[in-house]
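A closer look at the structure
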Amino acid sequence: MPATGLLNEAMQDLKATLTAVTGLRVVSDPTKIVPNCVFLDAPSFETIAGGGNIIRVTVPVKVIGSGTAGQPVLENILSIVATVLGSSVVIMAGQPSSLEIGGATYPAYDLQMAMQAQKQ
């Protein structure tokens, strides 16, 4: 299986895991972003073994809150982040951010997730 197959499988596995862990809608299509969801952006990767048989994948994950920025929304976002941190998903870093959707700005948190995928 080529590396592109590994990347798609890794993203599908991550989406399923985050959906189960957070209970939120997890999307990887930017046209499907709605407030109070988790967005998986395009991954970057490094090849570890020849032919792309083993790759290290880094995925930008954005936890998007609903409503205007304020303490209750931040607490909700941080609760989701804590749930993700406590799961089997490896989060390397996180920082507050925002996202504009339809002319409105929503509070968010950007996470950098890392994983390894390999051909079986």
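Attention here is on the structure that accompanies the text. (Residues numbered from 1 in each chain as written. Predicted model: local features only at pLDDT ≥ 70, side-chain atom pairs only at ≥ 80, totals over all residues. Heavy atoms only, no water.)

**Points about the overall build of the protein**
Rules: Only DSSP runs of H or I covering at least 4 residues are called helices, and only runs of E covering at least 2 are called strands; the numbering of each starts at the N terminus. Values of the radius of gyration come from C-alpha atoms, whereas the globule rule sets the reference at 2.2 Å times the count of residues to the power 0.38. Only protein chains enter the accessibility calculation, which uses a 1.4 Å probe. A residue is then buried if its area is under 20% of the maximum for its type, exposed if over 50%, and partly exposed in between. Only heavy atoms matter for contacts: two residues are in contact if any of them lie within 4.5 Å across the pair. Shrake-Rupley sampling with a 1.4 Å probe provides the accessible areas, and residues are treated as covered by the protein chains on show and by no other component. Counted charges follow a simple rule, with Lys and Arg positive, Asp and Glu negative, and His plus the chain ends left uncounted. We put the charge of a Lys on NZ, of an Arg on CZ, of an Asp on CG and of a Glu on CD.
Of the regular secondary structure elements, the protein holds 2 helices and 6 strands. Expected size for 120 residues packed as a compact globule is a radius of gyration near 14 Å; at 15 Å, the protein falls within 12% of this value. Dimensions of the protein, computed from C-alpha atoms along their principal axes, come out at roughly 50 × 30 × 20 Å. Going through the 120 residues of the protein one by one, you find that 36% of them count as buried. Considering only contacts in the protein between residues 6 or more positions apart, those separated by 24 or more positions represent 56%. A total of about 6600 Å² of accessible surface is found on the protein, and carbon and sulfur atoms cover 53% of it. Separation of charge centres in the protein, based on 6 positive and 8 negative side chains, amounts to 6 Å.

**Comments concerning the side chain of Lys-62**
This is how it is decided: Pairs of N or O atoms are called polar contacts if they sit within 3.5 Å, as long as, within protein, a hydrogen donor faces a hydrogen acceptor (for residues adjacent in sequence, only side-chain-to-side-chain pairs).
With respect to the helices and strands, the residue Lys-62 is situated in strand E4 (residues 54–64). Side chain to side chain, Lys-62 and Asp-110 meet in a polar contact 2.6 Å long.

**Describing the nonpolar core**
Applied cut-off: The set of buried Ala, Val, Leu, Ile, Met, Phe, Trp, Tyr and Cys residues whose side-chain atoms join them within 4.5 Å is what this entry labels a nonpolar core.
Among the nonpolar cores identified, the biggest contains 26 residues, and Leu-18, Val-38, Leu-40, Val-59, Val-61, Val-63 and Leu-111 are the most heavily contacted of them. Elements supplying a minimum of two residues to this core: helix H1 (3–22), strand E2 (37–40), E4, helix H2 (71–85) and strand E6 (104–118). Broken down by element, the residue count for this core peaks at 6 residues, all from H1. Filtering out sequence-adjacent residues up to four positions away, Val-38 remains in contact with Leu-18, Thr-22, Leu-24, Arg-25, Val-26, Val-27, Val-61, Lys-62 and Val-63. Judged by nonpolar contacts, the second largest core, of 8 residues, contains Val-27, Cys-37, Ile-64 and Leu-99.

**Let's talk about H2**
For clarity, the cut-off: In this analysis, the expected span of each helix is defined as 1.5 Å times one less than the number of residues it contains. It is the directions from the helix axis to the C-beta atoms whose arc is reported.
Between its first and last C-alpha, H2 extends 20 Å over 15 residues, near the 21 Å set by a 1.5 Å rise per residue. Along H2, the positions that sit buried rather than exposed are Val-73, Ile-77, Ile-80, Val-81 and Val-84. Seen from one end, H2 has its buried residues packed into an arc of 100°, which puts them on one side. Counted as exposed and oriented over 90 degrees from the buried face of H2: Pro-72 and Leu-85.

**What to know about the pattern of salt bridges**
Applied cut-off: Note on definitions: salt bridges are taken to be side-chain nitrogens of Lys or Arg within 4 Å of carboxyl oxygens of Asp or Glu.
In this structure the tally under the stated criterion is 1 salt bridge. Of the charged contacts, one joins Asp-110 and Lys-62 as a salt bridge, the two residues approaching to 2.6 Å between their closest N and O atoms. Taken as a pair, Asp-110 in strand E6 and Lys-62 in strand E4 lie far apart in primary sequence, 48 residues in all.

Note that every value here comes from positions in space, so none of it alone points to a role or purpose.
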